[in-house]
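Residue-level structural notes
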There are 2 protein chains.
Amino acid sequence: MRLLIVEDEKRLALSLAKGLTAEGYAVDVVHDGLEGLHRAGEGVYDLVVLDIMLPGMNGYRVCAALRAAGHDVPILMLTAKDGEYDEAEGLDTGADDYLTKPFSYVVLVARIKALLRRRGTGGPSPVISLGAIEIDTAARRVHRDGSEVTLTAKEFAVLEQLATRAGTVVSKAEILEHVWDFAYDGDPNIVEVYISALRRKLGATLIKTVRGAGYRLESR
Amino acid sequence: MRLLIVEDEKRLALSLAKGLTAEGYAVDVVHDGLEGLHRAGEGVYDLVVLDIMLPGMNGYRVCAALRAAGHDVPILMLTAKDGEYDEAEGLDTGADDYLTKPFSYVVLVARIKALLRRRGTGGPSPVISLGAIEIDTAARRVHRDGSEVTLTAKEFAVLEQLATRAGTVVSKAEILEHVWDFAYDGDPNIVEVYISALRRKLGATLIKTVRGAGYRLESR
DNA sequence: CCTCGACGATCAGCAGGCGCATGGGGATCA
DNA sequence: TGATCCCCATGCGCCTGCTGATCGTCGAGG
């Protein structure tokens, strides 16, 4: 699950990025509106946190431009409470939710999860069930034969990526793209390491290797 | 679905055009940067494949000019691997994706499909059914009379190529061009080797030899 | 109807690449 | 400062992909 934060207050941006990374999301940060538009346009993000007051291009215009280009990525807007910009305008341009500064971190995380849940399954069930394995994406917990398995943040992110596309082959490049952030430039071997860890914890049969193509999670 | 190819290497351009036409896209080709800019500016294309080294006007400038004029058509850039031009610069000018020569045809098609999908328009149906044989392109699985047949990456690629054009004759040269790199110049016998392997796994009757012309997959 | 040449099919063997496992070092958090 | 997590590096084994040689088949022409 990969997020983009477009926020020019460096301290706030850093703080959000750290917290969300700890939650298990892959987080990229940009400080400029135009840059934010380009990155969000890549289509690899599952959600965009978008400040309104930005250098380069303000948040409303970024949001409107994304929607005009046909992107339906969930957008959570941030704004200062003091007039000039207001909620209605934000929602008008196509934002999915809206938060007024200052806000508490837990509220932000709750809103993000709500938006992702809304997009993810459409229904109220954030639990993906695959044979003996159950994945609760909201609680970030995994059960095997009823007993809980503890996964690290990255392990969970890789599993989630495979699970949301269960039954189809996901290439190593795609996993890298969605789980790691854009600063990462390392060995694709890292994916194999995490696949290996997941197999050790969840059983060897769950994840199938498709040589030369990627990995596939059986849908049942 | 209409594509524009801006590429001055005539052989490569022709080859791409033929292959993509076979995939079901309508393809136009121009060999000059300025001409490419004009055509792309007409706004009738769903995607532009844009080489960087071009007579008239180089690819970066074409791309930048299109973006400056407000066009958001997806752009896939092509470039030779040897320095001077680099990825970052391409993406900076507003390209959506980027491919280094030499690249394999299947990779190119995958990127094109990914870009088009990102824009909301879906690709063709992933499951191809031919009599007793079923090909699931997303899961990379093939079933014969209901039971799964395991194919290697290359075997699958050859089969996929034949299947997308089921009922028509596909020449050995076309298969070579589409499945192997453009740079590949080995023994064309390799195609026969893979046809042989596919017949062994899927039954001898599925793939018909058209002597002197190529192979044909019966559509049912 | 037979012969011959060209094209296609198949097989075995080899080298290289891909995927997997493992251990260690660096960063981060309590 | 200890524990955990993440990433990198290395080595190894197996499978894949390709080559080259041989065998089979088709079709034309005498």
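By the naming in an unreviewed UniProt entry, chain A is Response regulator transcription factor, taken from Streptomyces cavernicola.

Helices and strands together make up the secondary structure of chain A, namely eight helices and 12 strands. Across the 220 residues that make up chain A, the buried fraction comes to 47%. Look at the contacts in chain A between residues 6 or more apart in sequence, and 56% of them connect residues 24 or more apart. For chain A, the computed accessible surface area is about 10300 Å², with 51% contributed by carbon and sulfur atoms.

The next point concerns the interface of chain B and chain A. Of the residues lining the interface, nine residues belong to chain B; the matching set on chain A comes to 15 residues. For the pair chain B and chain A, the summed buried area comes to about 970 Å², and 44% of that belongs to carbon and sulfur atoms. Residue Glu218 of chain A pairs with Arg141 of chain B through a salt bridge whose shortest N-O separation is 3.0 Å. Here chain B and chain A share three residue pairs in polar contact (both at pLDDT 80 or more) between them.

This part is about the sheet that holds strand β11 (residues 207–210) of chain B. Residues and elements named next belong to chain B. Strand order in the open sheet made by the three strands is β10-β12-β11, with antiparallel pairing throughout. Looking along the sheet, the strands with just one partner apiece sit at the ends: β10 (169–170) and β11. Two elements, β10 and strand β12 (residues 214–217), share two bridges in a ladder whose sense is antiparallel. When the sheet's bridge partners are listed, Val169 is paired in β12 with Arg216. Sheet strands in contact with helix α6 (residues 153–164) are β10, β11 and β12, and its direction is about 70° off that of β12.

For Glu155 of chain B, the location among the structural elements is in helix α6. If near-sequence neighbours (up to four positions away) are discounted, Glu155 of chain B is found in contact with Thr150, Tyr194, Ala197, Leu198 and Lys201 of chain B.

Let us now look at the packing of α6 of chain B against helix α8 (residues 189–202) of chain B. Residues and elements named next belong to chain B. Where α6 contacts α8, the two axes come as close as 10 Å, and the packing angle between them is 85°. Between α6 and α8, the angle is such that the two are roughly perpendicular. Of the residues in α8, those touching α6 at Lys154, Glu155, Val158, Leu159 and Leu162 are Tyr194, Ile195, Ala197, Leu198, Lys201 and Leu202. The residue makeup of the contact of α6 with α8, split by class, is eight nonpolar, no polar and three charged.

Residue and element names in this part refer to chain A. Tallying each qualifying case throughout the model produces two aromatic pairs over all chains. Between Trp180 and Tyr194, the aromatic rings sit 5.8 Å apart at their centres with planes inclined by 65°, giving edge-to-face as the arrangement. Of this pair, Trp180 sits in the loop between α7 (172–179) and α8 (189–202) while Tyr194 sits in helix α8, placing them 14 residues apart in sequence. By relative accessible area, Trp180 is classed as buried at 7%. Residue placement shows Arg140 over the ring face of Tyr25; its charged tip is 5.1 Å from the ring centre.

Residues and elements named next belong to chain A. One can find Arg140 in the loop between β7 (133–136) and β8 (141–144). Residue class for Arg140 comes out buried when judged on its relative accessible area of 18%. Setting aside its immediate chain neighbours within four residues, Arg140 contacts Glu23, Gly24, Tyr25, Phe156 and Glu160.

The next thing to look at is the sheet that holds strand β10 (residues 169–170) of chain A. Residue and element names in this part refer to chain A. Taken in spatial order, the three strands of this open sheet run β10-β12-β11, and their pairing is antiparallel. Each having just a single partner strand, β10 and β11 (207–210) make up the two edges of the open sheet. The pairing of β11 with strand β12 (residues 214–217) spans four bridges and is antiparallel. Across the sheet, the residue bridging to Lys208 is Arg216, located in β12.

We now examine the packing of helix α7 (residues 172–179) of chain B against α8 of chain B. All names here are of chain B. For the pair α7 and α8, the least separation of the axes is 9 Å and the interaxial angle reads 90°. Relative to α8, the element α7 is oriented roughly perpendicular. In this structure, α7 uses Lys172, Ile175 and Leu176 to contact α8, whose residues at the interface are Ile190, Val191 and Glu192. Residues of the contact of α7 with α8, tallied by class, amount to four nonpolar, no polar and two charged.

Attention now moves to the UniProt feature "modified residue: 4-aspartylphosphate" (unreviewed entry) in chain A. All names here are of chain A. Per the UniProt record, the feature "modified residue: 4-aspartylphosphate" (unreviewed entry) sits at Asp51. Relative to the elements of secondary structure, Asp51 occurs in strand β3 (residues 47–51). For Asp51, a relative accessible area of 2% corresponds to the buried category.

Okay, the nonpolar core next. All names here are of chain B. Counting residues in hydrophobic clusters, the biggest one holds 26 residues, and the most contacted among them are Ile135, Leu162 and Ile175. Sorting the residues of this core by element identifies β6 (127–130), β7 (133–136), α6, α7, α8 and β12 as the ones contributing at least two each. Take this core: its biggest share by element is six residues, from α6. Ignoring anything within four residues of it in the chain, the contact list for Leu162 reads Val170, Ile175, Ile195, Ile207, Tyr215 and Leu217.

This part covers the pattern of salt bridges. Residues and elements named next belong to chain A. Going through the model one piece at a time under the given rule, you end up with 17 salt bridges over all chains. In this structure, the salt-bridge partner of Asp96 is Arg67, at a minimum N-O distance of 2.8 Å. You can see Asp96 sitting in the loop between α4 (87–92) and β5 (97–101) and its partner Arg67 sitting in helix α3 (residues 59–68), a full 29 residues away along the chain. Residue Asp96 is classed as buried on the basis of its relative accessible area of 17%.

All names here are of chain B. When you tally the buried positions in strand β3 (residues 47–51), you get five out of five residues, the bulk of the element. Where burial is concerned, the two faces of β3 agree: the one with Leu47, Val49 and Asp51 and the one with Val48 and Leu50 are both buried. Direction of pairing for strand β1 (residues 2–6) relative to β3: parallel, over a ladder of four bridges. Residue Val6 lies in a different strand from β3, and its bridge partner there is Leu50.

Calculation criteria
Residues numbered from 1 in each chain as written. Chains lettered and ligands numbered in written order. Predicted model: local features only at pLDDT ≥ 70, side-chain atom pairs only at ≥ 80, totals over all residues. Heavy atoms only, no water. Helix = DSSP H or I, 4+ residues; strand = E, 2+ residues; numbered from the N terminus. Buried < 20%, exposed > 50% of the residue type's maximum accessible area, 1.4 Å probe, protein only. Contact = heavy atoms within 4.5 Å. Areas by Shrake-Rupley, 256 points an atom, 1.4 Å probe, with all protein chains shown as cover. Buried area = accessible area lost by both parts, 1.4 Å probe. Salt bridge = Lys/Arg side-chain N within 4 Å of Asp/Glu carboxyl O. Polar contact = N/O pair within 3.5 Å; in protein donor to acceptor, adjacent residues only side chain to side chain. Pairing = 2+ DSSP bridges. Axes fitted to C-alpha atoms, helices over the stretch in contact; angles between N-to-C directions. Parallel < 35°, antiparallel > 145°, perpendicular 65-115°, else oblique. Nonpolar A, V, L, I, M, F, W, Y, C, P; charged D, E, K, R; others polar. Phe/Tyr/Trp six-rings, centres within 6.5 Å; stacked < 30°, edge-to-face > 60°. Lys NZ or Arg CZ within 6 Å of the ring centre and 35° of its normal. UniProt positions renumbered as here; feature names shortened; annotations may be inferred. Core = buried A, V, L, I, M, F, W, Y, C linked by side-chain atoms within 4.5 Å.

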